[in-house]
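# Observations on chain architecture
Below, each chain spelled out in residue letters.
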Amino acid sequence: PDDASWRIERIHARIVDIPTIRPHKFSFGAINRQSPVIVQLWLANGACGFGEAATIGGPSWNEESPETILHAIQNYLAPAVNGADARRFAEHINRFDAVCKGNAFAKSAVEMALIDAVARSLGVPAWQLLGGKRIERLPLAWTLASGDSQRDLEEAEQMMQARRHRLFKLKIGARSPADDVAHVTRIARGLDGRADMTVDVNQAWDGNTARRYLPQLVEAGVTLIEQPVAKWDVQALREATQSLGSAALIMADETVCSAQDAYMLASQRACHVFSLKVAKHGGLLRTREVAAVAQAAGIGWYGGTMLETSLGSAASAHVFSTLSDQHHGCELFGPQLLVDDIVEQPMAVRDYELQLPDGPGFGVVVDEKRLERFDRARAGLTPT
Ligand code: MUC
Ligand code: MG
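As a starting point, this report considers the structure included with it. Bear in mind that the values here come from a model prediction, so they are computed numbers and not experimental data.

## Structural notes on the site of ligand 1
Taken together, 15 residues surround ligand 1, and among them His24, Trp61, Lys169, Asn202 and Lys277 come closest. A distance of 2.8 Å is found between an oxygen atom of ligand 1 and a side-chain nitrogen or oxygen belonging to His24. Side-chain polar atom of Asp253 to an oxygen atom of ligand 1: 3.1 Å apart, as the coordinates give it. Against a free-state accessible area of 280 Å², the protein chains account for coverage of 100% of ligand 1. Going through the elements one at a time, β2 (18-26) and β8 (167-171) are the ones with two or more residues in the shell around ligand 1. Of the residues in the shell around ligand 1, the class split is 4 nonpolar, 4 polar and 7 charged.

Written as structure tokens, this is what we have:
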């Protein structure tokens, strides 16, 4: 095809609201629905690509919200690339940075749609444009976050029986640290060594709390501890990393967004693992940059989620499938936490593992009827 066929003709973005199957509780609050921004991007050749950026609890996980993402895309990012040759990904990312500082989530949704549209035009899986596939399947974690130990345990039993999950992430940090340790201990007793257990504190503890309670979590059997302290508290993260020894690993999440964050953490030996998330890194290509720093520094990676639908989860799965084998599994379970999805067929989960998809594009077929049904502008819903 000639160059004109790769012209970006139109970019459309909307917020969709999809309830969760149960309240999902974090250190900073609870959610009852997800509100991802879905991008559609058309090329002159007729191909259409899709992208997604999801936040958790409006702007309560970090600074971006569905409303700011939609605003950034409609007013700055889409106009910056409209009419350009879609294939020039690196140039588009530079333009995004020139017209818009930060706003990584918004950029990631448009970059995703660009890559999907180009991959679909070529009839290839997105992973082929992202370095090539190396990994076929990843252990899939499930987050226990109902807020109730008994309910969490029942959920874990169901997941294990269905052979979907045997890696469980517990969300803590909302209650007192002593209550959290008691909760983690109850779950550990119930699981009785049949599953691996991790925790995500979502920045809730200060250095002294971490010093006192992290050893108790390790004693209870936790093997991976995610973002125990504030995103800026690299010293406390480093101290935890260096004091816990080999008993458990410390994983950075909110602290590791840009490749520069990754370099800073690596050079200070401030964590063992990075949680990789396409949204916070600002796209699929930048996820690879952060992963490259991890690999160079001997830091492991984990396939993180912002609880996207099957669209954003499949896009993440494509880039994860191109990374090194120094991984600790993934948590692309967003589709299972939502009452409905926006694709025809979600990715398969077999024997506790997510089967990483092939193409074309991200290998999922978006159901436009459901997009319409959940479209906030049509339903007239308000922000969370
Ligand atoms: C986070 O901070 O990791 C990922 C899984 C989950 O339950 O919450 C998210 C956000
Ligand atoms: Mg986290």
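What follows picks up the thread again.
## A word on the side chain of Lys277
Mapped onto the elements of the fold, Lys277 is located in the loop between β12 (273-276) and α10 (278-281). Assessed through its relative accessible area of 4%, Lys277 is described here as buried. Every residue in contact with Lys277, bar those within four places of it in the chain, is listed here: Trp61, Asp253, Thr287, Gly304, Thr305, Met306 and Glu331.

## Brief notes about the coordination of the magnesium ion (ligand 2)
Protein ligation of the magnesium ion (ligand 2) involves Asp200 (OD), Glu226 (OE) and Asp253 (OD), the donor distances falling in the range 2.0 to 2.2 Å. Every donor residue of the magnesium ion (ligand 2) comes from the same chain, spaced as D-x25-E-x26-D. A residue pair is termed long-range when its members are at least 10 positions apart, and Asp200 in strand β9 (residues 196-200) and Glu226 in strand β10 (residues 224-226) qualify at 26 residues. Here Asp200 falls in the buried class, since its relative accessible area comes to 1%.

## Some remarks on the environment of Val37
Along the chain, Val37 falls in strand β4 (residues 37-43). For the pair Val37 and Ala54, spaced 17 residues apart in sequence, the C-alpha separation works out to 6.3 Å. Residues within four places of Val37 in sequence aside, it is in contact with Ala13, Arg14, Ile15, Gly51, Glu52, Ala53, Pro66, Ile69, Leu70 and Ile73.

## Here's the deal with helix α7 (residues 207-220)
Taking 1.5 Å as the rise per residue, α7 with 14 residues should run 20 Å; its terminal C-alpha atoms sit 20 Å apart, in good agreement. Remark: the principal bend of α7, roughly 35°, maps to Tyr213, with a proline, Pro215, within the next four residues. Turning to α7, its buried residues number three or more, namely Gly207, Thr209, Ala210, Tyr213, Leu214, Leu217, Val218 and Ala220. Turning to α7, the residues buried within the fold contact α6 (177-191), β9, β10, α8 (234-243) and β11 (249-252). Once α7 ends, the next one or two residues include Gly221, with phi positive near 115°.

## A word on the pairing of β12
Alternating positions in β12 separate into two faces, Val273 and Ser275 on one and Phe274 and Leu276 on the other, with burial throughout. The sheet contact formed by β11 and β12 spans 2 bridges and is parallel. Considered in β12, the bridge of Ala252 is made with Phe274. At this point the chain moves from β11, through helix α9 (residues 259-267), to the parallel β12, and the crossover so formed is right-handed. Note: β12 against strand β13 (residues 300-303), 4 bridges, orientation parallel. Of the residues in β13, the one forming a bridge with Ser275 is Tyr302.

## Re the nonpolar core
Counting residues in hydrophobic clusters, the biggest one holds 125 residues, and the most contacted among them are Ile73, Phe168, Phe274 and Phe362. In terms of residue count, the dominant contributor to this core is helix α3 (residues 104-122) (10 residues). Discounting chain neighbours no more than four positions away, the residues touching Phe274 are Met251, Ala252, Val256, Ala262, Leu265, Val290, Ala294, Ile299, Gly300, Trp301 and Tyr302. Residues Ala141, Leu224, Val273 and Tyr302 belong to the second largest nonpolar core, which totals 6 residues.

## A look at α6
Counted at 1.5 Å a residue, the expected span for α6 with its 15 residues is 21 Å, and the 21 Å between its end C-alpha atoms agrees. Every buried residue belonging to α6 is among Asp180, Val181, His183, Val184, Ile187, Ala188 and Leu191, and all of these are buried. Projected down its long axis, α6 carries its buried residues within an arc of 160°, all on one side. Residues of α6 that are buried make contact with β7 (142-144), α5 (149-161), β8, β9 and α7. Positive phi shows up at Asp192, right after α6, with a value of about 50°.

The rules we used
- Residues numbered from 1 in each chain as written.
- Chains lettered and ligands numbered in written order.
- Predicted model: local features only at pLDDT ≥ 70, side-chain atom pairs only at ≥ 80, totals over all residues.
- Heavy atoms only, no water.
- Near = heavy atom within 4 Å.
- Polar contact = N/O pair within 3.5 Å; in protein donor to acceptor, adjacent residues only side chain to side chain.
- Areas by Shrake-Rupley, 256 points an atom, 1.4 Å probe, with all protein chains shown as cover.
- Helix = DSSP H or I, 4+ residues; strand = E, 2+ residues; numbered from the N terminus.
- Nonpolar A, V, L, I, M, F, W, Y, C, P; charged D, E, K, R; others polar.
- Buried < 20%, exposed > 50% of the residue type's maximum accessible area, 1.4 Å probe, protein only.
- Contact = heavy atoms within 4.5 Å.
- Donors = N, O, S within 2.8 Å, 3.2 Å for Na, K, Ca; no water.
- Expected span 1.5 Å × (residues − 1).
- Bend = angle between axes of the 7 residues up to and from the residue.
- Pairing = 2+ DSSP bridges.
- Right-handed = clockwise from strand over helix to strand, strands pointing away.
- Core = buried A, V, L, I, M, F, W, Y, C linked by side-chain atoms within 4.5 Å.
- Arc of directions from axis to C-beta.

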